Amino acid sequence: MSRLRDCGALLQIGPASLAWNLEETRAFIRNKLGVRAYTRAQAWFDLTRGWCTGLVYLSDAYDSAKNGETDPEHGLPGALLDYLETEVLRQLCEEDIYCLTVLAQLDSDHDKLLPSMLGTGWPAIVHKLSQLSQCMGFLQAQGSPGMPARWDLHPILRLALQRRFSGWTADAQATFHRRASAAFTNIADFKRVVHHAICAGAPDTLGLMEQSVEAMGRKGDLPRIAQVLSLLPAQVLQARPRLQSWLAMAALMAHRLEDCRLMIGRLYGQRPGADEAERCRWHVISGMLAIYSDDIDAAAALVPVLEAMHPERIDTVTRSGRRNVLSWIYIHQSAYGRARQMQLDTPADESNRPEETMFGRQIGRCMAGFSLALEGKMNEAERVYREVLEKCGPQEEQLMDAICQASGLLGETLYELNDLDSVLALAVRQDEMERVAIPDTFLRVMLGIGRTLAIRGRLRESSEILLRLEQYARARNLRRILAYSLLEQCALSLRAHDRAHAEHLRRQLAGLRRRDKSGPLGGGVDITAVARRADILCCIAAGDMAAAHRNILRLMECSLAAGRYRRVAALCCQIAIIERRQGRHVSATEHLKEALAIGYRMGLLRSLLDAHPDVPDAAQDILRMGGLDSMAAFQADLLCNAPGISPLAGPSVHAPSHSATLGQDDRPHDDELLTGRELDIARQLILALPNKLIARSLSLSPETVKWHLSNIYQKLGVSNRHDAVARLRRLLLGS
């Protein structure tokens, strides 16, 4: 036989050879039923896998149906199922049929649960199923021949066995579901645990569901919580506030804000029957909802309740969410130290939790970095954001909330440091950030991208970014975000010398300020400040310096009281420019010195440059005059050399790919270069992208990226990723 096979003179026919392929199935249907049933070919082929007898029964049933329609999956002909009973199942013993029936109730990925379901060891089950697969063509082993990983039942036989299962007695079905619930508990598949418990009529099914949901909540698995709770009717959920609160949390994380708001409203209506831990969870969810709605007043109103909570009495997810909500509120109250302290108080057993939604640890670290940035500690903030991105990189899909939060805040920091190429590189994440980032973060990254495009002269693209931000704000009724988008469009219109459109936008802002009813801590303060900034820009453009000066002084007083020193520095620059034009050089110099001092202390660059186009010239004049201390002179020199390009001068790390030579003093090895490919990777590395994304963007394998990184580290004389980023920025940006 082997000789004949080698000569090509042997025809071997097995079960697979007896099945029709898709084209043969189509030909059969076309010849027997005509073109009216031709569209059924694919579905019938998938169902029968080319089994000729099955196709004949299906076509006969279709042909005899009065309306010409038979659902091949849910309406199998009774004659076909009877044929399987007679010709296949009745040839087996009851033990074999029972084994196959249990197998038919499980997904193919759960075959390894058969020992728990049948009370038999896996080797014995494999032996039995192997024998069955040899005597019938409806069961195939998949995996290694000796010990298959799973078993594949023919779809039609599976349906026939499921029909058999529906004919079992109620007690037999309940026994099966109890065993299945216990088996799925062992692999922590809580959705199926609850499903089988309900089917088994377990006396405390809801209690079991609450335990399962609590277990998933402790792991941060909010999407699976929503799946589990979808098994319950609405009236059952309404009677269980604890389950409702988890469902509200899952809706919030899926960014279904209106659903979450309705659920929380119902929960507060049931308040008398809830325990302390449950009420704490409601308050934290309400705080998160306020953050996603950019409702600072609503969030601030929760501070007394959140601060009064006893962390040891609430679950881990609620405890972590409480810290993040309080940090966000403290940041908007300019209590930056308190915001960071909330994150420093994280217990050791929570610091490395894998799940990272808005209730997770990495979001908390982003907020700590945000507080550093607002205090002017830009380099420290950047380091925090990059560490978060590096930690989240290997699990990009699961940690998208943390990645978007860190990327957005990093974009604001990079813009302030005038690393404009890196800001534009974040534009690829716009869609993701719009979908999952909190509004505050999306606002900051979109402003950075829009301003960068305007600096580069790409005004049309900048306008598109700002219009997208406006649409985002209007769709979600986010008044503060809308105000900032209108202000930026006003500035862009003035840059394009379109004073009529700028005045139209200014009037919109004035109307927005009049209609706003926010409290002293809410977005109304920001809206008022934004409207006044638009007034200042329009007055300066119109040459009304007196009105601009008055508005600046009013706004500066409010900004000093609120601790908004970055805004104060920009206002000092604007006053200096106005006074410089009016010939009041002494006062202009003093105001510019004040701006330089704040800028140096806070690490500001773009905030000063964006205040007015004449800031670099004013800085040049004050340098010529002399008499500045070293810090003010350093800051003035940065302003003179920074407009529109990197503040550190020299070639950008994002310039077109070519070899980059290290400076003579910084070169770890004589005459060594970063090659073109290494420079490509360096561009990605400086953006804190993980190896997987670097490999994907450059069409390389992760191993190749690791190899190049090793060479880069060696040439730079560093041993880790963070030091490499710092050194690349210093070397390639020409520090």
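From a predicted model like this one, the values you see are computed outputs, not experimental measurements.

Calculation notes
Residues numbered from 1 in each chain as written. Predicted model: local features only at pLDDT ≥ 70, side-chain atom pairs only at ≥ 80, totals over all residues. Heavy atoms only, no water. Helix = DSSP H or I, 4+ residues; strand = E, 2+ residues; numbered from the N terminus. Buried < 20%, exposed > 50% of the residue type's maximum accessible area, 1.4 Å probe, protein only. Areas by Shrake-Rupley, 256 points an atom, 1.4 Å probe, with all protein chains shown as cover. Salt bridge = Lys/Arg side-chain N within 4 Å of Asp/Glu carboxyl O. Axes fitted to C-alpha atoms, helices over the stretch in contact; angles between N-to-C directions. Parallel < 35°, antiparallel > 145°, perpendicular 65-115°, else oblique. Left-handed = near helix turned anticlockwise from the far one by under 90°. Contact = heavy atoms within 4.5 Å. Nonpolar A, V, L, I, M, F, W, Y, C, P; charged D, E, K, R; others polar. Polar contact = N/O pair within 3.5 Å; in protein donor to acceptor, adjacent residues only side chain to side chain. Phe/Tyr/Trp six-rings, centres within 6.5 Å; stacked < 30°, edge-to-face > 60°. Disulfide = S-S within 2.5 Å.

Novice: So, the overall build of the chain: which residues are in play, and what are the values?
Specialist: Helix and strand counts for the chain come out as 42 helices and four strands. A buried classification covers 53% of the 735 residues belonging to the chain. As displayed, the chain offers around 33,100 Å² of accessible surface, 52% of which is attributable to carbon and sulfur atoms.

Novice: Account for the pattern of salt bridges, naming residues and giving values.
Specialist: Tallying each qualifying case throughout the model produces 40 salt bridges. Here Arg444 makes a salt bridge to Glu412, at a shortest N to O gap of 2.7 Å. Taken as a pair, Arg444 in helix α28 (residues 439-455) and Glu412 in helix α25 (residues 400-416) lie far apart in primary sequence, 32 residues in all. In terms of burial, Arg444 and Glu412 fall into one category: buried. Beyond isolated ion pairs, a larger network of salt bridges with shared partners links Asp294, Glu412, Glu416, Asp440, Arg444, Arg480, Asp526, Arg564, Arg566 and Arg567.

Novice: Explain the packing of helix α18 (residues 276-292) against helix α21 (residues 316-332) to me, and be specific about the residues and the numbers.
Specialist: Remark: α18 packs on α21, axes separated minimally by 9 Å, with the N-to-C direction vectors making an angle of 40°. Here α21 runs oblique to α18, going by the angle between their axes. Note that α18 runs across α21; the crossing there is left-handed. Residue-level contacts link Cys280, Arg281, Val284, Gly287, Met288 and Ile291 of α18 to Thr318, Gly321, Arg322, Asn324, Val325 and Trp328 of α21. Partitioning the contact of α18 with α21 into residue classes produces six nonpolar, four polar and two charged.

Novice: Let's hear about unusual backbone geometry: which residues, and what values?
Specialist: Backbone geometry at Arg49 places phi at a positive 55°, although glycine is not the residue there. With respect to the element layout, Arg49 can be found in the loop between α4 (41-48) and α5 (52-64). The class of Arg49 is partly exposed, set by a relative accessible area of 37%. The residue Asp294 is not glycine, and still its phi comes out positive at about 55°.

Novice: Give me the environment of Arg468: which residues, what numbers.
Specialist: Positionally, Arg468 belongs in helix α29 (residues 459-476). The exposure class of Arg468 is partly exposed, given its relative accessible area of 22%. Expressed as a C-alpha distance, the spacing of Arg468 and Ser485, which sit 17 residues apart in the sequence, is 8.9 Å. Those residues in contact with Arg468 that lie beyond four places of it in its chain are Gln430, Asp431, Glu434 and Met446.

Novice: Quick rundown of the environment of Asn691? Include the residues and the values.
Specialist: Among the structural elements, Asn691 can be located in helix α40 (residues 691-698). Taking C-alpha positions, Asn691 is 7.3 Å from Lys706, a pair spaced 15 residues apart along the chain. If we skip the residues at most four places from it in the chain, Asn691 touches Val705, Lys706, Leu709 and Arg721. At 2.9 Å, the side chain of Asn691 and the side chain of Arg721 are in polar contact.

Novice: Tell me about the packing of aromatic side chains, and please be specific about residues and values.
Specialist: The tally for this structure, following the rule as stated, stands at ten aromatic pairs. Seen from their ring centres, Trp44 and Tyr62 are 5.7 Å apart, and the 80° between their planes marks the pair as edge-to-face. You can see Trp44 sitting in helix α4 and its partner Tyr62 sitting in helix α5, a full 18 residues away along the chain. A ring pair is formed by Trp51 and Tyr83, whose centres lie 6.0 Å apart and whose planes are at 40°; its orientation type is tilted. Taken as a pair, Trp51 in the loop between α4 and α5 and Tyr83 in helix α6 (residues 78-87) lie far apart in primary sequence, 32 residues in all. Trp51 gets classed as buried once you look at its relative accessible area, which sits at 18%.

Novice: Now, about the side chain of Thr318: what can you tell me, with residues and values included?
Specialist: Relative to the helices and strands, Thr318 resides in helix α21. If near-sequence neighbours (up to four positions away) are discounted, Thr318 is found in contact with Cys280, Arg281 and Val284.

Novice: Please give an account of the state of the cysteines that cites residues and values.
Specialist: The tally for this structure, following the rule as stated, stands at zero disulfides. Cys392 provides the cysteine sulfur closest to Cys366, a residue in no disulfide bond, and the two sulfurs are 7.3 Å apart.

Novice: Outline the packing of α6 against helix α10 (residues 155-166), supporting the account with residue identities and numerical values.
Specialist: In contact at an axis separation of 10 Å, α6 and α10 are set at 85° when each is read in the N-to-C sense. With respect to α10, the axis of α6 lies roughly perpendicular. Between α6 and α10, the residues in contact are Leu80, Leu81, Asp82, Leu84 and Glu85 and Ile156, Leu157, Ala160, Arg163 and Arg164, respectively. Of the residues belonging to the contact of α6 with α10, the class tally is six nonpolar, no polar and four charged.

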